[in-house]
Amino acid sequence: MFMRIDHVGIACHDLEEKIAFFERTFDLRVVARETNEEQGVKEALLHIADGEGGGSYIQLLEPLGPDTPVGKFLAKRGEGVHHVAFGVPDVAEAMREIGGRGVRVLDAEPRHGTLGSSIAFLHPKDMGGVLTELVQAPDNGDAAPGH
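Residues numbered from 1 in each chain as written. Predicted model: local features only at pLDDT ≥ 70, side-chain atom pairs only at ≥ 80, totals over all residues. Heavy atoms only, no water.

Draft legend 1. Here's a closer look at the packing of aromatic side chains. Enumeration according to the criterion identifies four aromatic pairs in this entry. When the centroid spacing of 5.4 Å and the interplanar angle of 90° are considered together, the rings of F21 and F22 count as edge-to-face. On the basis of relative accessibility, which here comes to 33%, the residue F21 falls in the partly exposed class. F22 gets classed as buried once you look at its relative accessible area, which sits at 10%. Among the aromatic residues, those joined into a ring-pair cluster are F21, F22 and F26. (Phe/Tyr/Trp six-rings, centres within 6.5 Å; stacked < 30°, edge-to-face > 60°. Buried < 20%, exposed > 50% of the residue type's maximum accessible area, 1.4 Å probe, protein only.)

Quick look at the structure:
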């Protein structure tokens, strides 16, 4: 079902500062930036590597406000890993299959993710305390990161 680790989402207070850190420390480069009003974040994707199932990324997330999910996460836990995302060939099918195995799916249907991907989240209480995202690349076949 999982094709790759698509990305690791990291919550941060200052997107530009964290981008500079990852560029300077690990020689990573930003491949996409996006503001997702629906999810209340500004984000940047930094490319790590490509593999057989597609690319892997770090996704830096800065909240648009304190009452957003990432804003609340930062207030409660501080900066750090927010979620782990797995690439899947068909997010709707993965939602049905995983939901059928007793894991709560937080989304009733797939929603818009970064660069046109389709995404859904799994309840962290059913995933060992880790917010988990399923990501399907856009229909153009590119292995694109999600959010």
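Draft legend 2. Spotlight on the pairing of strand β3 (residues 41-51). Bridge count between strand β2 (residues 29-36) and β3: seven bridges; the pairing is antiparallel. Residue pairing across strands places A32 opposite L45, the latter belonging to β3. In this structure, the hairpin formed by β2 and β3 is closed by a connection of four residues, where G40 is found at a positive phi of approximately 70°. Relative to strand β4 (residues 54-63), β3 runs antiparallel, the two sharing 10 bridges. What sits directly across from D50, in β4, is G55. As consecutive antiparallel partners, β3 and β4 are separated by two residues. (Pairing = 2+ DSSP bridges. Helix = DSSP H or I, 4+ residues; strand = E, 2+ residues; numbered from the N terminus.)

Draft legend 3. Molecular detail of the pattern of salt bridges. Taken as a whole and assessed by the stated rule, the structure comprises eight salt bridges. With its nearest N and O atoms 2.9 Å apart, the salt bridge here joins D126 to R104. Note that D126 is positioned in the loop between β7 (118-122) and β8 (132-136) and R104 in the loop between α3 (91-100) and β6 (111-112), a separation of 22 residues in sequence. Judged by its relative accessible area of 41%, R104 is partly exposed. With a closest N to O distance of 2.7 Å, D107 and R111 form a salt bridge. The buried category is assigned to D107, whose relative accessible area is 13%. Here R111 falls in the partly exposed class, since its relative accessible area comes to 23%. (Salt bridge = Lys/Arg side-chain N within 4 Å of Asp/Glu carboxyl O.)

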